[in-house]
Structure formats: structure tokens, C-alpha cells
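Observations on chain architecture
Below, each chain spelled out in residue letters.
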Amino acid sequence: WRLYARTDRYFLKQYDADTNTNVTILLDVSASMDYGSDAVTKLTYAKALAACLAYLASRQRDRIGLTTCDHEVVTRIPPSAKHLDLVLHALDRSQATRPGAIARVLTALQDLGRRRGLVVLISDAYEAPDALAAAARPFCAQGHDLVMFHVLDPQELDFAFDDATVFEDLESGDRQPVHSDAAREEYRQRIRAHITDLSQRLRGMGAEYVQVTTTQPLDAALAQYLGSRAALARTR
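Let us look at the structure shown here. Throughout, residues of each chain are indexed from 1 in the direction in which the sequence is written. At least 70 in pLDDT is required for a residue's local features to be given in this predicted model, at least 80 for side-chain atom pairs to be given and counted, and no such filter applies to totals for whole chains, interfaces and linings, which use all residues. Excluded from the side-chain calculation are hydrogens and water; included are all heavy atoms of the structure.

**Section: the overall build of the chain**
A run of H or I in DSSP becomes a helix once it reaches four residues, and a run of E becomes a strand once it reaches two; helices and strands are each numbered from the N terminus. A tally of helices and strands in the chain yields 8 helices and 8 strands. Each principal axis of the C-alpha distribution contributes one length, and for the chain these read about 85 × 35 × 30 Å. When contacts within the chain are restricted to residue pairs at least 6 apart in sequence, those whose partners lie at least 24 apart make up 75%. For the chain, the exposed surface amounts to about 13,700 Å²; the carbon and sulfur share of it is 50%. Contact definition: two residues touch when any of their heavy atoms are within 4.5 Å. Areas reported as accessible are Shrake-Rupley estimates using a 1.4 Å probe. Residue values count occlusion only from the protein chains shown.

**Thoughts on the state of the cysteines**
We call a pair of cysteine sulfur atoms a disulfide whenever their separation is within 2.5 Å. Applying the stated rule across the entire model yields 0 disulfides. No disulfide involves cysteine 69; its sulfur sits 17 Å from the nearest other cysteine sulfur, which is in cysteine 140. Remark: exposure states derive from per-residue accessible area (1.4 Å probe, protein chains only) relative to the maximum for the residue type, with buried under 20%, exposed over 50%, and partly exposed in between. We classify cysteine 69 as buried; its relative accessible area is 3%.

**Quick word on the packing of helix 2 (residues 42-59) against helix 3 (residues 84-93)**
Two quantities define a packed helix pair, namely the angle between the axes and the distance from one axis to the other. Running from N to C, helix 2 and helix 3 point in directions that differ by 175°, and their axes come no closer than 10 Å. Between helix 2 and helix 3, the angle falls in the class roughly antiparallel. On helix 3, the residues touching Lys47, Ala50, Ala51, Ala54, Tyr55 and Ser58 of helix 2 are Leu84, Val87, Leu88, Leu91 and Asp92. Axis lines are fitted to C-alpha atoms, over the contacting stretch for helices. Their N-to-C directions set the angle, which ranges from 0 to 180 degrees. By definition in this entry, angles of less than 35 degrees are roughly parallel, angles greater than 145 are roughly antiparallel, angles of 65 to 115 are roughly perpendicular, and the rest are oblique.

**Concerning the nonpolar core**
In terms of nonpolar packing, the biggest core is built from 33 residues, with Ile25, Ile122 and Phe149 touching the most fellow members. Listing elements by their share of this core, those giving two or more residues are strand 1 (22-28), helix 2, strand 2 (63-69), helix 3, strand 4 (117-123), strand 5 (145-152), strand 8 (208-213) and helix 8 (218-235). For isoleucine 25, the residues in contact, after removing those within four places along its chain, are Ala50, Leu53, Ala54, Gly65, Leu66, Thr67, Val120 and Ile122. One finds Leu26, Val119, Phe139 and Ile191 within the second-largest nonpolar core, a separate group that totals 25 residues. Only buried Ala, Val, Leu, Ile, Met, Phe, Trp, Tyr and Cys residues count toward a nonpolar core, and they belong to the same one when joined by side-chain atoms within 4.5 Å.

**Notes on a nonpolar patch on the surface**
A patch consists of residues exposed above 30% relative accessible area that lack any salt bridge, with like charges linked at up to 9 Å and nonpolar side chains (Val, Leu, Ile, Met, Phe, Trp, Tyr) linked at up to 5 Å. Between Lys or Arg on one side and Asp or Glu on the other, a salt bridge is scored when a side-chain nitrogen of the former is within 4 Å of a carboxyl oxygen of the latter. A surface patch of nonpolar side chains, about 250 Å² in accessible area, is lined by Tyr55, Leu56 and Leu226. Here tyrosine 55 shows up in helix 2. Tyrosine 55 gets classed as partly exposed once you look at its relative accessible area, which sits at 42%.

**A closer look at the pattern of salt bridges**
As a working rule, side chains carrying opposite charge can pair if their charged atoms are close by. What the rule picks out here adds up to 9 salt bridges. Between lysine 42 and aspartate 124 there is a salt bridge whose closest N-O contact spans 2.9 Å. Residue lysine 42 is found in helix 2, and its partner aspartate 124 is found in the loop between strand 4 and helix 5 (129-141); the two are separated by 82 residues along the sequence. The buried category is assigned to aspartate 124, whose relative accessible area is 1%. A salt bridge links arginine 175 to glutamate 168; the nearest nitrogen and oxygen atoms lie 3.1 Å apart.

**What about helix 7 (residues 180-204)?**
Between its first and last C-alpha, helix 7 extends 35 Å over 25 residues, near the 36 Å set by a 1.5 Å rise per residue. One axis is fitted to the seven residues ending at the residue and one to the seven starting there. The bend at that residue is the angle between these axes. Largest kink in helix 7: about 30°, centred on glutamate 186. Every buried residue of helix 7 is listed here: Ser180, Arg184, Ile191, His194, Ile195, Leu198, Ser199 and Leu202. On its buried face, helix 7 is in contact with helix 5, strand 5, helix 6 (154-158), strand 6 (164-168), strand 7 (175-179) and strand 8. Once helix 7 ends, the next one or two residues include glycine 206, with phi positive near 95°. By this rule the span expected of a helix is its residue count minus one, scaled by 1.5 Å.

**With respect to the layout of surface pockets**
Put simply, the grid is 1 Å and covers the protein atoms alone, a cavity is a trapped set of points that fit a 1.4 Å probe, a pocket is an open set with protein on both sides within 12 Å along at least five of seven lines, and lining residues have an atom within 4 Å of a point. Grid points are joined across faces, edges and corners, and a volume is the space filled by probe spheres set on the points. Quantified by volume, the largest pocket comes out at close to 1,000 Å³. Contributing to the lining of the largest pocket are 32 residues, with Tyr126, Phe167, Glu168, Asp169 and Tyr187 lying nearest its centre. Elements with a contribution of two residues or more to the lining of the largest pocket: helix 6, strand 6, strand 7 and helix 7. Here the element with the most residues in the lining of the largest pocket is helix 7; it accounts for 5 residues. Polar here means any residue outside two lists: the nonpolar Ala, Val, Leu, Ile, Met, Phe, Trp, Tyr, Cys and Pro, and the charged Asp, Glu, Lys and Arg; Gly therefore counts as polar. Here the lining of the largest pocket is composed, by residue class, of 14 nonpolar, 6 polar and 12 charged.

Next up, the structure:
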């Protein structure tokens, strides 16, 4: 009104309101995450990714929470503006030792609260895409922004093994000899089909899907994701 009194013209005051979001990181710590064809395992990469996301969210004054899980919840830290140190400590202690059932755990975690927020799932997603998507769908229905980081080792995509190789299931301990050259093309087709099915199901219900490999520089992966998320926010 003071500006109107001085100029005899109407003005509209605009401002950006600060908002605090609940950011809940769901980290898969099942035994399959302990695989790594190089020095960095999927779990090591996933923990670093989760720590970076938690730190960035904390800098924005968001409330940070963490749930680690395999076939059940291992650690659960509720979102809070003061929980960054607890989250980082829990990430540092996390180990991948037991079989996983992430879809079942997601179903049990659908009580994250009435307050809408950002839910980040970090996993290698070795489950049926339809089961995983069905378990994740209620998060989107409740109004949460759901983002999945699909962490894979390059060998899980390329299958560049030589000759006959014995493979061991990290979760069941089963061992199976495979002639890599003969199985390579079929394996690649199956993993591509799995990734396509999972990404389409998640995106189809409004979630975001981000595939990363353990050899991908973490800063580049984060920059690409945050850039696309900022562009999406401007569009909305």
C-alpha cells in the first residue's frame, strides 16, 4: 500500500517461500549389492550416492531420513533436520550380508507418514519389475515424489566374461557353470528387457528412474539427475 500511495499504481508483491521437505532414502543392503567386478562394489557406490543426496538435502534445510533393508528393515532413522550425522554414521556401518526382498519391504514401509516428501530408492533391483512397481505405486498415490537409482556393475550389463565361468549367487550360495561366450547375447537381451520393463513401469506411474553404474563418476551422475529434476520442477 505504501508503494501505491507514492505512485498511484497497483503492484503485486512476489516472493519465493522456503519449504522444508521430508527426504527419505531407502537403501538396499541385500547380499547382491556386495558384488563388484572392480574395486568399487554396488553397495560402496550406493552408500556414497546416499551420503551425497543426504548432504545436499541437509544444505537445503530439508529433513533427512534413512531406511536400510534387505528382506526386512535393518535400520530406520526418521526424517529430521538434525539427523544428517546419524544418517552418515548408519551408512558407514551398513553391510550387505543377507538375502533381499525389497518389494516386500516397500509394502511394509507404506506408513512413511501423511506429509508428502521425496522418497529415494537405491537398489540393484533384482526382483520382478511388476512386483517392485506394484510395491512402489502406493508412494506415488500418497503424493510422494519417488526416485529410483538403479545401481549396476558394468559386468552386469556387458557380461564380458571369458570362456567357461562358475557363477555363485551371493544370496543363496548356489553355484552354476556357464559358458560365457554362448550365454552372452541371451543374457544381454534379458538384462535390457528387465531394465526397460522396470523403467517403463516406474515412469508410467509418475516416478523417476535413474540408471547408474559403479564406474560412472558420482558427480556426473548427480549433476545429470539434479539438472533433469530442476528442469522438471520448472516445467511443473
